[in-house]
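Structure assessment
Chain residues, written in single-letter form:
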2 protein chains.
Amino acid sequence: MCRKAKEASYKLARLSTETKNSALYNMAEALGKNEQEILEANRKDIETSRAKGVKEALVDRLILNKSRISKMAQCLREVAGLPDPVGEIVKTWTRPNGLIIGQLRVPLGVVAVIYESRPDVTSDASGICLKSGNAVILRGGSDAINSNIAIGNILSDAASESGIPDGTIQVVHVTDRSAALELMKMRDYVDVLIPRGGADLIRAVVDNAKVPVIETGIGNCHIYVERDADLDRAIDIVLNAKCQRPGTCNAAEKLLVHRDIAPVFLPRVIGALRGQGVEVRGCEETRKIVPDVKPATEEDWYTEYLDLIIGVKVVSGLHSAIEHINKYGTKHSDSILTSDFNKALSFIRDVDSAAVYWNASTRLTDGNQYGLGAEIGISTQKMHARGPMSVQHLTTIKYFVLGRGHIRE
Amino acid sequence: MCRKAKEASYKLARLSTETKNSALYNMAEALGKNEQEILEANRKDIETSRAKGVKEALVDRLILNKSRISKMAQCLREVAGLPDPVGEIVKTWTRPNGLIIGQLRVPLGVVAVIYESRPDVTSDASGICLKSGNAVILRGGSDAINSNIAIGNILSDAASESGIPDGTIQVVHVTDRSAALELMKMRDYVDVLIPRGGADLIRAVVDNAKVPVIETGIGNCHIYVERDADLDRAIDIVLNAKCQRPGTCNAAEKLLVHRDIAPVFLPRVIGALRGQGVEVRGCEETRKIVPDVKPATEEDWYTEYLDLIIGVKVVSGLHSAIEHINKYGTKHSDSILTSDFNKALSFIRDVDSAAVYWNASTRLTDGNQYGLGAEIGISTQKMHARGPMSVQHLTTIKYFVLGRGHIRE
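Keep in mind the model is a prediction, meaning the values are calculated, not measured. The residue numbers shown here count from 1 along each chain, following its written sequence. Chains and ligands are labelled sequentially in the order written, the chains with letters from A and the ligands with numbers from 1. In view of the model being predicted, local features appear only for residues whose pLDDT reaches at least 70, and side-chain atom pairs are presented and counted only at 80 or more, with totals across whole chains, interfaces and linings using the full set of residues.

The next point concerns the interface of chain B and chain A. Taken residue by residue, the interface counts 55 residues in chain B and 55 residues in chain A. For the side of chain B that touches chain A, the secondary-structure elements that each account for two or more residues are helix H9 (199–208), helix H10 (231–243), helix H15 (341–350), strand E13 (355–360), helix H16 (367–370) and strand E16 (395–406) of chain B. For the purposes of this entry, the term helix denotes a DSSP run of H or I that reaches at least four residues, the term strand denotes a run of E that reaches at least two, and both are numbered from the N terminus. In terms of residue count, E16(B) provides more of the side of chain B that touches chain A than any other element does, 11 residues in total. At least two DSSP bridges between two strands are required for those strands to pair. Bridging between strand E13 (residues 355–360) of chain A and E16(B) involves five bridges; their strand directions are parallel. If you follow A:Ala360 over to E16(B), its bridge partner there is B:His406. Here, residue contact means that the backbone-derived C-beta atoms of the two residues sit within 7 Å.

Here's what the structure looks like:
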C-alpha cells in the first residue's frame, strides 16, 4: 500500500488544479449517490459497537446520517474552493555571481493518518490531501472499519474516474495494532504521519513512529482572568469555552483567576458554570471562597477532561498564570481576559502555545474560524506547522537553482 | 541540563536583538582571547585519537589551529549580522466577525544537536541558536570532547557576561551512548533534535528519538547529462561536483549520462575524472564504452562514498534519470545539465530532492552560497525546513487572536 501511495504521489504532484477540483466535486457527488451503501456499512459498525458494550457517547461519534454525509460532501466542495498551494513560486533571488535561486511549493508526498472512531475523518482527510497533491493512507479505528472502507472505496472510485492516479486514497483494512505499527515505520514511503485522537493514541504514535510525526489535538486549555477584566464578558467567554462543546480539544479545561478579584468573581462564575451542569474542582484558595467546591489534585492541573468538568485556581498575577500554563498546559490554546494592553502583550509573547487569545474564547482555534478552510488537525508541536492545519500545511518547498555552468569556487 | 535549557529558553525568547548581537560579538572575541586554552584542549583530543589509532583523515577533522578558530569567531560575527527573525509579525488578518488573527515568529525553544568529530560545530551551532532565541544542548563525539567543553565554557561565559541567561549554551560532558539516548527522549524539554554526521549517526537518531528530529546531510547526489548538454561545461561541473571537496554531503556521487551522447562523452569525462584521481565504477553499458571501468553493483547506486569514487550509469533519457534519482537518491541535491528548457522544468518538478539544479554544481547547496548565512545543517526531510537551515529555520510561528469578547457561535 505504501509503495503504491508513493508511486501515485509522483503523478499527483503534476496534476492541474482543475483536475484535482473536478475530482473533489465528483467525490462529493459520489458520497450523496452512495449514501445507502455508507449508511448500511455504518449500521454494521454501530451494531458491533453496541454489542461490544461501547458507551453511547462514543457510539455517537460513529453514527452517520444523511445530514452528516451531506456535511462530508460539503467539506469536499469547500476544499475544492480553496487556493491550490502546489506550484507556487514562493520566492526567487539572484546571487552576486548570477546564480538564480528559488523556492517552489510542492506536496509532501504521502500522508498517513491514524485516527479514532469518527468516520468523517476518512472523507475530510482524503479531500485535504488530494487538494494539496498528496497521496493518503487512512488507518481508522476498528469501531468504524466498515464505514471507513465504504467511504474510502466510494471516494477512491470517484477520484479514479476523474483521472486521479490509483493509490491516491487508500484505507487500511487490517485494524489490529500490528498494521498501525508497521505503517509508523515506513520511512521509505511515508513523508508525514498525523495522529488524530485521544492522548493515548498520540502517545502510542510518538513512542513508536520512525516516520516524521505532527502531533495534534491534545488540549488542556486555560482561561486566565486578570483583575481588570470585564467580568460580565469574562463569564460569557468562560461558559462558551467550557460548555459550547466540551468534548473538543479547544474547550477550556482550566480557569485561572487573579487573587484580587477572586472573592467577587469566583462565586459568580462558579454559579454560572454549575448552572450549565459543570463540575468544578478548585485549589485551596478557591475552596475558601466557595466552600462546596471539590478539591483539585495535582493530577487535575495536567488533565484534559473532555467533559463538563473544570479546574479553578487562584493565582497571584500574570507571571504565575503564565508559569502555570507553561508547566501544566499542552501548548494548544490559552486565553487572557484583561483590559490592559501590556499584560495582554506579555501573555501573548510568553505563553508557549500554538494559539494565544486576548478577550476571546479558546473554542475559536479552528481552521474555518481562522478562515483557513477545512483542517486535518490542530498541531500542538512547533515544527513544520502549528495550530490548525489545512491544505497549505501539507506542502513543503524545494529549492531550484538555475546556473550557467556555475561551480563552487 | 534539559530543564535548565527550557527555563533559559523562556528568558531568551524575550531578549532584544541588540543584547543577542552584542553577546555574539563578545563570544567571537572570547574565542580569540582564549585561543591557547582551546588549542591545549584540542591537543589532548588529537593525542588520544592518534593513540587509539584513528585514521589521519578523521583526525584532520578534529584539528583546530589559529586559522580555524578565527573562522569560528568570524562565523559568530556573521550570524550577528543576520536579520533577527524573532518577533516578526508574519501576517495578520481580520475575520468578518471582527476577530483579528495574526502570526508571530517565535523561537522553537530548546534545540539539541548531536554531532561527530568537528569541534567548530560547537561554536557555529551556539551562535545560530542564540541568534534565533533558542537554548542549545550540544552533544559532540567523544573524539572532540575536550575541545567541545573548552569552546562551550568560553562561549557560555562570554554570553553570560552579555546578559544571556545561564543554560543557553550547554555541552554534554558524558560521551557514552546512554547520555545521547536519554537526550533523544527528553520530550518535555527538547523541541527539536538535529543530528549532524554520517549515515550511521542519522539512523541511530531516527531509530531512537522520541523528540521531533530534522534529518540532515546524507547526500547521494546525482548529475544527469542530457544529450543536448554543453559537454565542455558538463565536464567542468562534474569535476567540481565530484572533486572540489569529496568528503562533503553535496559532492556528486553519481553521474547519469544520456545514451545518445555516452560514446562521445563518457571517454572524455572518465578521463578527466581519473586525471583528478577519481575511481570510476560503471554500469554494463558504460563498461562497453570504456572497458577498463570497474563494474558498479546494485549497492553502489545507493552509496554515498564521501570519497574520490563515482558511479556512472547510461540512461535512456530524462524519465529514467528521474526514476533512478528518486529511487536511489537521498533527497539532497541533484542537477540536470541541458540546454532544453522543458527538460529542465520537468527535472526540477519531478526530482524529489531538497535542491534541484539546472546547469550548476551540486556543491552549491550551502547556506552561504544561497545567501542565507551560516547553516546548522542541510535538511533532507520535507517537514519544517528543507535544504540549508539557518537562523530563520530555528523559529516557528504562534497564532495570536485578538477579540472583543468573541465566542464560538
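All right, on to the pairing of strand E1 (residues 89–94) of chain A then. On a regular strand, each side chain points to the face opposite its neighbour's, so the side chains alternate between the two faces of the sheet. Residues and elements named next belong to chain A. Around each residue's C-beta, the other C-beta atoms within 10 Å are counted; 20 or more make the residue buried, 12 or fewer make it exposed, and counts in between make it partly exposed. All C-beta atoms are placed from the backbone. In terms of burial, E1 is largely open, as just zero of its six residues are buried. With five bridges connecting them, E1 and strand E2 (residues 100–107) associate as antiparallel partners. The residue of E2 that forms the bridge with Ile-89 is Leu-104. Between E1 and the antiparallel strand that follows it, E2, lie five residues; Gly-98 among them carries a positive phi value of about 90°.

A separate point is the sheet that holds strand E6 (residues 192–196) of chain A. Residue and element names in this part refer to chain A. Spatially, the four strands line up as an open sheet ordered E5-E4-E3-E6, and their pairing is parallel. Edge positions in the sheet fall to strand E5 (169–171) and E6, since each has one partner strand and no second. Each strand of the sheet is rotated relative to its neighbour by a mean of 20°, with strand direction disregarded. To obtain each axis, a line is fitted to C-alpha atoms, and for helices this fit is confined to the stretch in contact; angles are then taken between N-to-C directions over 0 to 180 degrees. Packing of helix H6 (residues 120–131) onto the sheet brings it into contact with strand E3 (110–115), strand E4 (135–139), E5 and E6, and relative to E4 it is tilted by some 165°.

In this section: unusual backbone geometry. Negative phi is the rule for most residues except glycine; trans is the rule for most peptide bonds. Residues and elements named next belong to chain B. Backbone geometry at Leu-306 places phi at a positive 55°, although glycine is not the residue there. Within the secondary structure, Leu-306 sits in the loop between helix H13 (298–302) and strand E11 (309–315). Backbone geometry at His-384 places phi at a positive 70°, although glycine is not the residue there. Residue placement: His-384 occurs in the loop between strand E14 (377–379) and strand E15 (387–389). Assessed through the 23 C-beta atoms surrounding it within 10 Å, His-384 is described here as buried.

A word on the sheet that holds strand E5 (residues 169–171) of chain B. All names here are of chain B. An order of E5-E4-E3-E6 is seen for the four strands of this open sheet, with the pairing classed as parallel. Each having just a single partner strand, E5 and strand E6 (192–196) make up the two edges of the open sheet. Going across the sheet, the axis of each strand differs from the next one's by a mean of 20°, ignoring polarity. Pairing of strand E3 (residues 110–115) with strand E4 (residues 135–139) involves five bridges; the strand directions are parallel. Residue pairing for E4: Ala-112 is matched across the bridge by Ile-137. The strands that helix H6 (residues 120–131) touches are E3, E4, E5 and E6; relative to E4, the one it contacts most, it runs at about 165°. Here H9 sits on the sheet in contact with E3 and E6, set at roughly 160° to E6.

All right, on to helix H5 (residues 66–81) of chain B then. All names here are of chain B. What a helix should span is 1.5 Å times the count of its residues minus one. Taking 1.5 Å as the rise per residue, H5 with 16 residues should run 22 Å; its terminal C-alpha atoms sit 23 Å apart, in good agreement. Looking at H5, one finds that the buried residues are Ile-69, Met-72, Ala-73, Cys-75, Leu-76, Val-79 and Ala-80. The buried residues of H5 occupy an angular sector of 150° when the element is viewed end-on, so they sit on one face. Facing away from the buried side of H5 by more than 90 degrees, the exposed set consists of Lys-66, Ser-67 and Gly-81. Those residues of H5 that are buried are in contact with helix H2 (17–33), helix H3 (35–51) and H6. When we speak of the arc, we mean the arc of directions from the helix axis to the C-beta atoms.

Attention now moves to the packing of helix H10 (residues 231–243) of chain A against helix H11 (residues 262–275) of chain A. All names here are of chain A. Running from N to C, H10 and H11 point in directions that differ by 35°, and their axes come no closer than 10 Å. The handedness of the crossing between H10 and H11 comes out as right-handed. Contacts between H10 and H11 involve Leu-231, Ile-235, Val-238, Leu-239 and Lys-242 on the former and, on the latter, Phe-265, Arg-268, Val-269, Ala-272 and Leu-273. Taken together, the residues of the contact of H10 with H11 sort by class into eight nonpolar, no polar and two charged. Each crossing gets its hand from how the near helix is turned against the far one by less than a right angle, where anticlockwise is left-handed and clockwise is right-handed. In this classification, Asp, Glu, Lys and Arg are treated as charged, Ala, Val, Leu, Ile, Met, Phe, Trp, Tyr, Cys and Pro as nonpolar, and every other residue, Gly included, as polar.

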